[in-house]
Amino acid sequence: MNISIGVRDVRYVVPPLLASGIASVASKVTPHPLQTSVLRGLEGDLVSLFQQVTHPAVTTLFVLVYVGLYPLLLGLTYVALKREPGSRHVRYAFTYTAVILAATPLFYFSPVGVTGYAIGGVEPLLYEHSGIVGAAVTSIDTLQKAMPSLHLALAVTASLHAPRGYEFISWSATSLIAISTLYLGIHWVSDLLVGGALAYGCYVALPVVQAHFEDSRDPAPVDGVRGD
């Protein structure tokens, strides 16, 4: 069965890319002060529990999860969904886009710094202990786009749309991605909770919104014709 990405997929692939660009710009141009202290007051040093034991090999593993497994999960989910009958790949693409757009106002109005530079007991393992990967991420990351975690939100989105028979693998990958963001000194626990809730909310809401617009486009049924 042909599952290659073709010209028709542009309409579904481009919107998520544009949304990601908008989110990045919002994080870079925000004039609002960081709200990191708010999460620090809420969570304390909870994230430090995920760095009780650190090791270069473990760091390398989670870096690969963060920068490798994550895009692989998102991309393969779309490709695999095209093998299924129907249009689940379309719904996945729209939900993906909606999640990013829903998160963008938070990046702009209430930016939050990463945990590696906010908590004394947490090392910025991704940014300073992963070699060329960390240098590349630091050069493009504002380090203040933590709330919510798009890594988790989009991974959850992929798992909610997981191809039939691959649900366990997808959710296992999502769990590893979540742990990697905490271990590497990137996200707060609150970031993950909000990101997961955001993904689920968009997943549930979009079909309702779609049905509403489809109903509004359908002409009202004609019960009869009134004569003169």
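Predicted model, so just to flag it, every value in this text is computed and none were measured.

Turning to the confidence of the model for the protein, a few remarks are in order. Confidence along the protein averages 86 in pLDDT terms, with 89% of residues attaining 70 or more. Low pLDDT, under 50, characterises residues 224-228; the predicted model gives this stretch zero contacts beyond four residues in sequence or across chains.

This part covers helix α3 (residues 56-81). In this model, α3 (26 residues) spans 36 Å end to end at C-alpha, consistent with the 38 Å of a helix rising 1.5 Å per residue. Of the positions making up α3, those classed as buried are Thr-59, Phe-62, Val-63, Val-65, Tyr-66, Tyr-70, Leu-73, Leu-74, Thr-77, Tyr-78 and Leu-81. Buried residues along α3 sit in contact with α1 (10-29), α4 (88-109), α5 (125-128), α6 (131-140), α7 (150-160) and α8 (167-183).

Ranked by size, the top nonpolar core spans 54 residues in total, and within it Val-99, Leu-126 and Leu-184 carry the most contacts. For this core, the secondary structure elements donating two or more residues are α1, α3, α4, α5, α7, α8 and α9 (189-217). If we skip the residues at most four places from it in the chain, Leu-184 touches Gln-51, Thr-59, Phe-62, Val-63, Tyr-66, Glu-123, Pro-124, Leu-125 and Leu-126.

The next point concerns the environment of Ser-159. Relative to the helices and strands, Ser-159 resides in helix α7. Remark: the alpha-carbon pair of Ser-159 and Leu-73, spanning 86 residues in sequence, is separated by 8.6 Å.

On to the pattern of salt bridges. This structure, assessed with the given rule, holds three salt bridges. A salt bridge links Arg-88 to Glu-84, with the shortest nitrogen-to-oxygen separation between them at 3.0 Å. Residue Arg-164 pairs with Glu-84 through a salt bridge whose shortest N-O separation is 2.6 Å. Of this pair, Arg-164 sits in the loop between α7 and α8 while Glu-84 is found in the loop between α3 and α4, placing the two residues 80 residues apart along the sequence. The class of Arg-164 is exposed, set by a relative accessible area of 55%.

This part covers the packing of aromatic side chains. Inspection of the entire model under this criterion finds six aromatic pairs. Ring geometry for Tyr-12 versus Phe-94: centroids 6.4 Å apart, planes at 70°, classification edge-to-face. Separated by 82 residues along the polypeptide, Tyr-12 in helix α1 and Phe-94 in helix α4 bring together distant segments of the chain. In this structure Phe-94 comes out as partly exposed when scored by relative accessible area, which is 47%.

Before going further, it helps to spend a moment on the environment of Ile-140. Mapped onto the elements, Ile-140 comes out in helix α6. When the C-alpha atoms of Ile-140 and Ser-24 are compared, they prove to be 9.4 Å apart, with 116 residues separating the residues in sequence.

In this section: the packing of α1 against α4. Each pair of packed helices gets described by two things: the angle between the helix axes and the distance between those axes. Interaxial distance between α1 and α4 falls to 9 Å at its minimum, and their mutual angle equals 10°. If you check the angle between α1 and α4, you find them roughly parallel. Contacts between α1 and α4 involve Tyr-12, Pro-15, Pro-16, Ala-19, Ser-20, Ile-22, Ala-23, Ala-26, Ser-27 and Val-29 from the former and His-89, Val-90, Ala-93, Phe-94, Tyr-96, Thr-97, Ile-100, Leu-101, Thr-104, Phe-107 and Tyr-108 from the latter. Counted by class, the contact of α1 with α4 contains 16 nonpolar, five polar and no charged residues.

This paragraph deals with a nonpolar patch on the surface. A surface patch of nonpolar side chains, about 330 Å² in accessible area, is lined by Leu-46, Leu-49, Phe-50 and Ile-179. Locating Leu-49 in the fold gives a position in the loop between α2 (36-43) and α3. You can call Leu-49 exposed: its relative accessible area is 54%.

Take the packing of α4 against α7 next. Contact geometry for α4 and α7: axes closest at 10 Å, N-to-C directions at 160°. What the angle tells us is that α4 and α7 run roughly antiparallel. For the pair α4 and α7, the crossing hand works out as right-handed. Between α4, through Arg-88, Tyr-92, Thr-95, Tyr-96, Val-99, Ile-100, Ala-103 and Phe-107, and α7, the contact on the second element is made entirely by Leu-150, Ala-153, Leu-154, Thr-157, Ala-158 and Leu-160. The class makeup of the residues in the contact of α4 with α7 is 11 nonpolar, two polar and one charged.

Calculation criteria
- Residues numbered from 1 in each chain as written.
- Predicted model: local features only at pLDDT ≥ 70, side-chain atom pairs only at ≥ 80, totals over all residues.
- Heavy atoms only, no water.
- pLDDT = per-residue confidence, 0-100.
- Contact = heavy atoms within 4.5 Å.
- Helix = DSSP H or I, 4+ residues; strand = E, 2+ residues; numbered from the N terminus.
- Expected span 1.5 Å × (residues − 1).
- Buried < 20%, exposed > 50% of the residue type's maximum accessible area, 1.4 Å probe, protein only.
- Core = buried A, V, L, I, M, F, W, Y, C linked by side-chain atoms within 4.5 Å.
- Salt bridge = Lys/Arg side-chain N within 4 Å of Asp/Glu carboxyl O.
- Phe/Tyr/Trp six-rings, centres within 6.5 Å; stacked < 30°, edge-to-face > 60°.
- Axes fitted to C-alpha atoms, helices over the stretch in contact; angles between N-to-C directions.
- Parallel < 35°, antiparallel > 145°, perpendicular 65-115°, else oblique.
- Nonpolar A, V, L, I, M, F, W, Y, C, P; charged D, E, K, R; others polar.
- Patch = residues over 30% accessible without salt bridge, like charges linked within 9 Å, V, L, I, M, F, W, Y side chains within 5 Å.
- Areas by Shrake-Rupley, 256 points an atom, 1.4 Å probe, with all protein chains shown as cover.
- Left-handed = near helix turned anticlockwise from the far one by under 90°.

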